[in-house]
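# Architecture at a glance
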There are 2 protein chains.
Amino acid sequence: MTQKMVEQYQAQIKCLVALDSIIFGFDGEELKLLLVKRGVEDDGSTWSLMGGWLRPDEGLEEAANRILFELTGLTDIYLEQLYTFGAPHRDRVERTVAVSYFALINVTDYQERVSHTYEAHWFSMHELPRLLFDHGQMVEQAIERLRYKASQHPIGFELLPEKFTIPQLQKLYEAIFDAPLDKRNFSRKILSTNLLEKLDEKQRGYSKKGAYLYKVNEEKYQKQFNTFLNFLPNGGT
Amino acid sequence: MTQKMVEQYQAQIKCLVALDSIIFGFDGEELKLLLVKRGVEDDGSTWSLMGGWLRPDEGLEEAANRILFELTGLTDIYLEQLYTFGAPHRDRVERTVAVSYFALINVTDYQERVSHTYEAHWFSMHELPRLLFDHGQMVEQAIERLRYKASQHPIGFELLPEKFTIPQLQKLYEAIFDAPLDKRNFSRKILSTNLLEKLDEKQRGYSKKGAYLYKVNEEKYQKQFNTFLNFLPNGGT
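Residues numbered from 1 in each chain as written. Chains lettered and ligands numbered in written order. Predicted model: local features only at pLDDT ≥ 70, side-chain atom pairs only at ≥ 80, totals over all residues. Heavy atoms only, no water.

## Some details on the overall build of chain A
- Of the regular secondary structure elements, chain A holds 7 helices and 9 strands.
- Restricting to contacts in chain A with at least 6 residues of sequence separation, those with at least 24 account for 62%.
- Accessible surface, chain A: about 12,200 Å² in total, of which carbon and sulfur atoms supply 47%. (Helix = DSSP H or I, 4+ residues; strand = E, 2+ residues; numbered from the N terminus. Contact = heavy atoms within 4.5 Å. Areas by Shrake-Rupley, 256 points an atom, 1.4 Å probe, with all protein chains shown as cover.)

Written out as structure tokens, the structure is:
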């Protein structure tokens, strides 16, 4: 490397790098957000996303996973990179670039682990406390991405039992979009995708009539959403 | 802020922050990539994406735009944030986190400006030179994102003339997916979206028969792709 290049490197500013994860949870009824308690910050906030700093020998995703584990005990969560936030004064103390990740998990499946940590709590999306820095903006962007994904592909089957009813799936969609959906329309349209297999069993105990159970046809699901031009009826050419 | 918090900040590593933009161009025939010439690097590469370092008072997108302008003269390009790369040794000199952006533009529209800079050149995607660092990986990820978008929504109308033929649109899709598409199927399927309006004019000079010209129905386009549950036939409920 030339002296000129060394000087170029030395002339640049350096930033702290933070990882912040937005963990959404579905409990069968509503969408929740996992937050950790912090001391009172200068801006009056006391709750934060799953955030921490990058270490010297870590990759970004590795760091996000390590921080999530340290704060909540959660492991084996697939974190998807969302967006990187780097406005000059987003952290008032030092210039910090924050790489955000998000995930949507089943609250019940992970409840035991999360409840063993004293710092992490699930909040209803309708009752979020004031969040640190630009974490509120991160949450908004994550919701937007989640809605986009849910509008492009049927998602979230992994949050439901293996056998589920159409009303259960509808609840998930209503939670993601925070809006009621017409029952008959939702049912007709989701069934018209031909991705669900009707089983010869009914869910018991909820009503006299009972609702039929369905499962996802994994093969069709993979095939349909790996087809190119899938905005066109019947997929690609 | 408490002394403990100050110490926490001081204990963290700091990184250089780079912005790298992947600028795809469509020239009516194929997909191209805009690259800038650099001196020979330690890894033998001589070409790079539109890359540079963050300045103290810049936001990330602002920096990406400034760097693109400095290297190519291009302005008013909508850069979409793609992904942030931060593997520990991706830059051998100093730990650098790179935030990547991408855009797809019409080569012809911007040719004059780009050709006035001696450093920037369009390369066919089939004849890319060896790229700096992990820039090859960035390009792959950008292509993947572009294909995903093109598979979910019809895209790229802004790269075509206001009035275009179905074969012109097909060329764009073939360029993005780097694959030939069946003419009859493509035509049938793209027309079945009902997003295009057939005009009472034909394109001249290409064949005796001529191909009909179409334009996008902006209203339908906006409506259809802002509908939620748009993976379901006829959009949401």
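From this point, the discussion proceeds with the structure in view.
## Side note on the nonpolar core
All names here are of chain A.
- Ile22, Phe24, Leu169 and Leu196 are the most contacted members of the largest nonpolar core, which has 45 residues in total.
- Of all the secondary-structure elements, those providing two or more residues to this core are β1 (14-26), β2 (31-37), β5 (80-85), β6 (96-106), α4 (135-152), α5 (166-177), α6 (183-192) and β9 (212-216).
- A per-element tally of this core places α5 first, with 7 residues.
- For this core, the domains that each give at least three residues are domain 1 (7-150) and domain 2 (153-226).
- Once residues lying within four places of it in the same chain are set aside, the contact partners of Leu196 are Phe157, Phe164, Ile166, Leu169, Ile190, Leu191, Tyr214, Lys215 and Val216. (Core = buried A, V, L, I, M, F, W, Y, C linked by side-chain atoms within 4.5 Å. Buried < 20%, exposed > 50% of the residue type's maximum accessible area, 1.4 Å probe, protein only. Domains from an automatic or database assignment.)

## Some words on the environment of A:Phe26
All names here are of chain A.
- Note on placement: Phe26 falls in strand β1.
- When its relative accessible area of 2% is taken as the criterion, Phe26 is described as buried.
- Sequence separation between Phe26 and Leu172 is 146 residues; the distance between their C-alpha atoms is 7.3 Å.
- Discounting chain neighbours no more than four positions away, the residues touching Phe26 are Leu104, Ile105, Asn106, Val107, Leu159, Leu160, Lys171, Leu172 and Ala175.

## Some remarks on α4(A)
- Between its first and last C-alpha atoms α4(A) spans 26 Å; for 18 residues at 1.5 Å apiece the expected length is 26 Å, and the two agree.
- All buried positions along α4(A) are accounted for by A:His135, A:Met138, A:Val139, A:Ala142, A:Ile143, A:Leu146, A:Ala150, A:Ser151 and A:Gln152. (Expected span 1.5 Å × (residues − 1).)

## Brief notes about unusual backbone geometry
All names here are of chain A.
- In the Ramachandran plot, Phe133 falls in the positive-phi region, its phi being about 45 degrees despite a non-glycine side chain.
- Within the secondary structure layout, Phe133 lies in the loop between β7 (120-124) and α4.
- The exposure class of Phe133 is partly exposed, given its relative accessible area of 30%.

## Some details on the pattern of salt bridges
- By the definition in use, this model includes 20 salt bridges over all chains.
- Among the salt bridges present, the one from B:Lys14 reaches A:Glu94, with a minimum N-O distance of 2.9 Å. Taken together, the residues span two chains, with B:Lys14 in strand β1 (residues 14-26) and A:Glu94 in the loop between β5 and β6.
- Here B:Lys14 falls in the partly exposed class, since its relative accessible area comes to 35%.
- Note on A:Glu94: relative accessible area 22%, which makes it partly exposed.
- Between B:Glu201 and B:Lys163 there is a salt bridge, with the nearest N and O atoms lying 2.9 Å from each other. (Salt bridge = Lys/Arg side-chain N within 4 Å of Asp/Glu carboxyl O.)

## What to know about the packing of α5(A) against α6(A)
Residues and elements named next belong to chain A.
- Interhelical geometry of α5 versus α6 gives an angle of 100 degrees and a closest axis separation of 10 Å. Between α5 and α6, the interaxial angle falls into the category roughly perpendicular. Only Lys183, Phe186, Ser187, Ile190 and Leu191 of α6 make contact with α5, whose side of the interface consists of Ile166, Leu169, Gln170 and Tyr173.
- Of the residues that constitute the contact of α5 with α6, the class distribution is 6 nonpolar, 2 polar and 1 charged. (Axes fitted to C-alpha atoms, helices over the stretch in contact; angles between N-to-C directions. Parallel < 35°, antiparallel > 145°, perpendicular 65-115°, else oblique. Nonpolar A, V, L, I, M, F, W, Y, C, P; charged D, E, K, R; others polar.)

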